[in-house]
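Examination of the molecular architecture
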Amino acid sequence: MNRPLPELQPLPDAERRALQAGLRSREAFTLRRAQILLASADGLRPSAIAARVGCSVGTVHNAIRAFADEGIACLTEKKHGPKDARAALDEAKADPLRGILH
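Being a predicted model, the structure only gives us computed values, none of them experimental.

Regarding its fold elements, the protein presents five helices and zero strands. From first element to last, N terminus to C terminus, the protein shows the α and β order α-α-α-α-α. Its C-alpha atoms give the protein a radius of gyration of 20 Å, more than 25% over the compact-globule value 13 Å for 102 residues. Principal-axis analysis of the C-alpha atoms gives the protein an extent of 60 × 35 × 25 Å. The long-range fraction of contacts in the protein, counting pairs at least 24 apart against all pairs at least 6 apart in sequence, stands at 54%.

Moving on: a nonpolar patch on the surface. On the surface, Leu89, Leu97 and Ile100 cluster together into a nonpolar patch covering about 300 Å² of accessible area. Within the fold, Leu97 resides in helix H5 (residues 91-101).

Structurally, the position occupied by Arg33 is in helix H2 (residues 28-41). In contact with Arg33, not counting residues within four places along its chain, are Asn62, Ala63, Ala66, Cys74 and Leu75.

As a further point, take the pattern of salt bridges. The tally for this structure, following the rule as stated, stands at two salt bridges. A salt bridge links Asp42 to Arg16; the shortest N-O distance between them is 3.5 Å. In this pair, Asp42 sits in the loop between H2 and helix H3 (46-53) while Arg16 sits in helix H1 (residues 13-22), placing the two residues 26 residues apart along the sequence. A salt bridge links Lys78 to Glu70, with the nearest nitrogen and oxygen atoms 3.0 Å apart. Note on Glu70: relative accessible area 37%, which makes it partly exposed.

Our next topic: the nonpolar core. Leu19, Ile36, Leu37, Val60 and Phe67 are the most contacted members of the largest nonpolar core, which has 18 residues in total. When contributions to this core are tallied by element, the ones reaching two or more residues are H2, H3 and helix H4 (57-70). Once residues within four sequence positions are removed from consideration, Leu37 is found in contact with Leu8, Leu19, Ala63, Ile64, Phe67, Cys74 and Leu75.

The rules behind the values
- Residues numbered from 1 in each chain as written.
- Predicted model: local features only at pLDDT ≥ 70, side-chain atom pairs only at ≥ 80, totals over all residues.
- Heavy atoms only, no water.
- Helix = DSSP H or I, 4+ residues; strand = E, 2+ residues; numbered from the N terminus.
- Rg over C-alpha atoms; globule rule 2.2 N^0.38 Å.
- Contact = heavy atoms within 4.5 Å.
- Patch = residues over 30% accessible without salt bridge, like charges linked within 9 Å, V, L, I, M, F, W, Y side chains within 5 Å.
- Areas by Shrake-Rupley, 256 points an atom, 1.4 Å probe, with all protein chains shown as cover.
- Salt bridge = Lys/Arg side-chain N within 4 Å of Asp/Glu carboxyl O.
- Buried < 20%, exposed > 50% of the residue type's maximum accessible area, 1.4 Å probe, protein only.
- Core = buried A, V, L, I, M, F, W, Y, C linked by side-chain atoms within 4.5 Å.

Here you go:
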């Protein structure tokens, strides 16, 4: 089930400056998101943005949706994996294994 793609409104100066700063990032994720969002704000279609940036149209859609949901915070890559992960071994289970390792 796909959500409709939000349309980017004209960017306020502060957001445009933050996205332009992302173009100088050493992080590939941040750089690519900034390129996608600036191109979208300039009116390019997702397929044209994907061709320009060298990514899939789905990646473009994800970036635009993330920006609509999170704003500039979407330029920072999130941790992967479950949010509620807990250790498989607690201290009681780990102690016998430590003895085997040594």
